[in-house]
Amino acid sequence: MHNYVTARKVRASMGTLGVLGLELVQMDTAPTTAYLQIYTEKRCRANCLFCAQAQGSQADITHIARGMYVPVDLDEVVKRLCMAFEKGYLLRACIQTELYDEWWEDTLYLIKSIRKVSDIPISLSVFPLSDKHYRELKIVGVNEVVIPLDACTPPLFDKIKGKSAGGPYSWEKHIDGIRRAAVFFEKVGTHLIIGLGETDEEAVWIIDLLKKINANPALFSYTYVNGTQLEIPERNETISIKHYRTVQLARYLITEGIANFSDMRFVDGVLCDFGASKEAILEIIEDGCAFQTTGCSECNRPMANETFCRIFNFPRRPDNKEIIGIKKELACIQP
Ligand code: SF4
């Protein structure tokens, strides 16, 4: 039975509330997408070890990575979302789901509430669904579906969100869910969390595979949330940022059709040749686009994984000073 009490609220990121005029938030760069999460006080039935909402987590459930998603009145958010889209302040609405008894009814309720008043493009981030569910989502007005793999390899997936983590998910079903979603939606995406222990080679391998099945990978940097179950991998900060930048650059080359996995060379999992000329690589680095937030169109996720001292995904084109910093971060692996 649908719980209309829970369906009357929605969680929204602080940046989103700032753009909607529901909170006074000082922002370096405002989000171009409204980041929303289905409202429930229940923990998720899945158990992704990095996630604040997971059944075994002790974390505050309002957190997604660095972002705080606070419960607010759903009708008020929808009304303001419509105005913000009309004025061009927001270009997309992104809805994150969670696995609990009423998730489907609550998700449909939110999507339909938005669609009643606005044509804003909607992305839904969700676990793999049946074809029937995909069809219904398409009918109610979802434009893009994102099925987060999060981990780059089958063993990492199993450890972090699969059977070994006590969760219901499997790599095979996620890949299958991504492939099937592509039958219903023009654009299908996934999220990859970089920094969970994968190598450059493993990250680039999955990006290449996703390209082949027409799925768009959005890169996230692993961010520890207090109270979650995943121990922070031992990592040297320089290697970590170097790894992130390498994967960003390789992703750009692959998604733009400039090079693919088989063109690149790796030594002990570390990328040592991007499979493109030095001039081309330098031009791409200086352009800066490769280091901007990736994912659905108009998704800039400002400060989702970042601090002012360490930007992984630039929510806008990096400036000259930032390009110099990126070059330094990549210095030891430039061809
Ligand atoms: S890429 Fe951005 S808009 Fe798309 S699902 Fe992920 S967070 Fe939402």
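Residues numbered from 1 in each chain as written. Predicted model: local features only at pLDDT ≥ 70, side-chain atom pairs only at ≥ 80, totals over all residues. Heavy atoms only, no water.

**Thoughts on the packing of helix H5 (residues 131–140) against helix H7 (residues 171–184)**
A pair of packed helices is characterised by two quantities: the angle between their axes and the separation of those axes.
Stage number 1. Viewed as axis vectors pointing N to C, H5 and H7 meet at an angle of 40°, and their least axial separation amounts to 10 Å. Taken as axis vectors, H5 and H7 run oblique relative to one another. In terms of crossing hand, the pair formed by H5 and H7 is right-handed. Counting all contacts with H5, which are made through Asp-131, Tyr-134, Arg-135 and Lys-138, the residues of H7 involved are Gly-177, Arg-180, Ala-181 and Phe-184.
Stage number 2. Across the contact of H5 with H7, the residue classes break down as three nonpolar, one polar and four charged. (Axes fitted to C-alpha atoms, helices over the stretch in contact; angles between N-to-C directions. Helix = DSSP H or I, 4+ residues; strand = E, 2+ residues; numbered from the N terminus. Parallel < 35°, antiparallel > 145°, perpendicular 65-115°, else oblique. Left-handed = near helix turned anticlockwise from the far one by under 90°. Contact = heavy atoms within 4.5 Å. Nonpolar A, V, L, I, M, F, W, Y, C, P; charged D, E, K, R; others polar.)

**Some points on the site of the ligand**
Stage number 1. Around the ligand sit Tyr-35, Cys-94, Val-146, His-191, Gly-295, Cys-296, Cys-299 and Arg-301, and that is every residue in its neighbourhood.
Stage number 2. Across the shell around the ligand, the residue classes tally to five nonpolar, two polar and one charged. (Near = heavy atom within 4 Å.)

**Details of the environment of Asp-319**
Stage number 1. Tracing the backbone through its elements, the reader meets Asp-319 in the loop between helix H10 (278–287) and helix H11 (320–330).
Stage number 2. In this structure the side chain of Asp-319 is engaged in a polar contact, spanning 3.2 Å, whose partner is the backbone nitrogen of Lys-321. (Polar contact = N/O pair within 3.5 Å; in protein donor to acceptor, adjacent residues only side chain to side chain.)

**So, the pattern of salt bridges**
Stage number 1. Summed over the entire model, instances satisfying the criterion amount to 18 salt bridges.
Stage number 2. Salt-bridge contacts for Asp-101 lead to Arg-45; the nearest nitrogen and oxygen are separated by 2.7 Å. You can see Asp-101 sitting in the loop between strand E5 (92–96) and helix H4 (103–117) and its partner Arg-45 sitting in the loop between strand E2 (33–38) and strand E3 (63–64), a full 56 residues away along the chain.
Stage number 3. Residue Asp-101 is classed as exposed on the basis of its relative accessible area, which comes to 60%.
Stage number 4. Looking at Arg-45, the relative accessible area reads 46%, which means it is partly exposed.
Stage number 5. One salt bridge in this structure joins Glu-329 and Arg-310, with 3.1 Å as the shortest N-O distance. (Salt bridge = Lys/Arg side-chain N within 4 Å of Asp/Glu carboxyl O. Buried < 20%, exposed > 50% of the residue type's maximum accessible area, 1.4 Å probe, protein only.)

**Details of unusual backbone geometry**
What you tend to see is this: most non-glycine residues have negative phi, and most peptide bonds are trans.
Stage number 1. Positioned with a positive phi, Asn-214 is a non-glycine residue whose angle comes to about 60°.
Stage number 2. Residue position: Asn-214 is located in the loop between helix H8 (200–212) and strand E9 (215–221).
Stage number 3. Residue Asn-214 is classed as exposed on the basis of its relative accessible area of 61%.
Stage number 4. Look at Arg-301: it is not a glycine, yet its phi comes out positive at around 35°.
Stage number 5. Residue placement: Arg-301 occurs in the loop between H10 and H11.

**Focus: the sheet that holds strand E4 (residues 67–73)**
Stage number 1. Strands sit in the order E3-E4-E1-E2-E5-E6-E7-E8-E9 across an open sheet of nine strands; the sheet is mixed. The sheet terminates laterally at E3 and E9, the two strands that pair on one side only.
Stage number 2. Here five bridges tie strand E1 (residues 9–13) to E4, and the two strands are oriented antiparallel to one another. Each residue of the ladder has a partner; that of Val-10, found in E4, is Val-72.
Stage number 3. In this fold helix H3 (residues 74–87) packs onto E1, E2, E4 and E5, with an angle of close to 105° to the strand it touches most, E4. (Pairing = 2+ DSSP bridges.)

**Quick notes on the side chain of Asp-200**
Stage number 1. Its location among the elements puts Asp-200 in helix H8.
Stage number 2. In terms of polar contacts, Asp-200 uses its side chain to reach the side chain of His-243, at 2.5 Å.
Stage number 3. Among the polar contacts made by the side chain of Asp-200, one reaches the main-chain amide nitrogen of Leu-271 at a distance of 2.9 Å.
Stage number 4. In contact with Asp-200, other than residues within four places in its own chain, are His-243, Thr-246, Phe-266, Gly-269, Val-270 and Leu-271.

**Quick notes on the packing of aromatic side chains**
For any pair of aromatic rings, the description consists of the separation of the ring centres together with the inter-plane angle of the planes.
Stage number 1. Counting across every chain of the model gives nine aromatic pairs.
Stage number 2. Ring plane angle 70° and centroid distance 5.5 Å describe the contact between Trp-103 and Trp-104, whose orientation is recorded as edge-to-face. Per residue, the accessibility class of Trp-103 equals that of Trp-104, and both read buried.
Stage number 3. Ring geometry for Tyr-134 and Phe-185: centres 6.4 Å apart, planes at 85°, overall edge-to-face. Taken together, the positions of Tyr-134 in helix H5 and Phe-185 in the loop between H7 and strand E8 (187–194) put the pair 51 residues apart, joining distant regions of the chain. (Phe/Tyr/Trp six-rings, centres within 6.5 Å; stacked < 30°, edge-to-face > 60°.)

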